[in-house]
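Coordinate inspection notes
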Amino acid sequence: MKRLHVHVGVSDLAASIQFYSTMFGAAPSVEKPDYAKWMLEDPRVNFAISQGRDTGGVSHLGVQVETADELAEVSARLAAAGRPVLDEGATTCCYAKSEKSWISDPDGVVWEAFHTTGEATSYGTSPALGSLAVEAPCCVPDAVELAPVKSGCC
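Reading the values: the criteria
- Residues numbered from 1 in each chain as written.
- Predicted model: local features only at pLDDT ≥ 70, side-chain atom pairs only at ≥ 80, totals over all residues.
- Heavy atoms only, no water.
- Helix = DSSP H or I, 4+ residues; strand = E, 2+ residues; numbered from the N terminus.
- Buried < 20%, exposed > 50% of the residue type's maximum accessible area, 1.4 Å probe, protein only.
- pLDDT = per-residue confidence, 0-100.
- Contact = heavy atoms within 4.5 Å.
- Salt bridge = Lys/Arg side-chain N within 4 Å of Asp/Glu carboxyl O.
- Pairing = 2+ DSSP bridges.

Here Ala79 shows up in helix 2 (residues 68-80). Using a relative accessible area of 56% as the deciding quantity, one classes Ala79 as exposed. Along the primary structure Ala79 and Ser101 are separated by 22 residues, whereas in three dimensions their C-alpha atoms are 9.9 Å apart.

Next comes the structure, spelled out in structure tokens:
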């Protein structure tokens, strides 16, 4: 069975752990000095946060699989998507040993497909994803100010 993965960069890990633990109604399943992860069943998601690596906000999305066969299936879909794929192979990342591949969508949103094979004692490294990057559209502003949310809003 597959699981959606979301990784968010945060500026205050302790405050974010408190927020997401309350929101999910569960403590993290993994907690390190610079990282936390929730393996939730409802919704079925691997939600991770880290401090000091990303500028804040969504870092990347992914599909986590449970078997090597499922990884081969998802990797074949990545290859068929018509975009550059970075096959990272065996790696250590986010305190876990994994096999993974990376791709970006046409707007530059980075996705990973991975199979976790074990735990690791270090955070590990991230690959250089420059070959997956796309140029930002010319009309994307440098900063966007969000309007306050009104009660009863979506």
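Attention now goes to the confidence of the model for the protein. Of all residues in the protein, 80% have pLDDT values of 70 or greater, and the mean over the chain is 79. Here residues 134-154 is a poorly scored stretch, pLDDT under 50, and it has 6 contacts once near neighbours within four places are set aside; other chains count.

This next bit is on the pattern of salt bridges. Two side chains carrying opposite charge are able to pair once their charged atoms lie near each other. For the structure shown, the criterion picks out 6 salt bridges. For Arg77, the salt bridge is made with Glu73, and the minimal N-O distance between the two is 2.2 Å. On the criterion of helical spacing, the pair formed by Arg77 and Glu73 is a turn pair, its members being 4 residues apart in helix 2.

Take the pairing of strand 4 (residues 44-51) next. On any regular strand, side chains alternate: one points to one face of the sheet, the next to the other face. The element strand 4 is largely enclosed, with a buried count of 7 among its 8 residues. Pairing analysis gives 7 bridges linking strand 1 (residues 3-10) to strand 4, with the strands arranged parallel. For Val6, the partnering residue across the bridge sits in strand 4 and is Phe47. Sheet topology note: the strand 3 (residues 35-41)/strand 4 ladder contains 7 bridges and is antiparallel. Looking at the pairing, Trp38 lines up with Phe47 of strand 4. The hairpin turn running from strand 3 into strand 4, its antiparallel successor, is 2 residues long.

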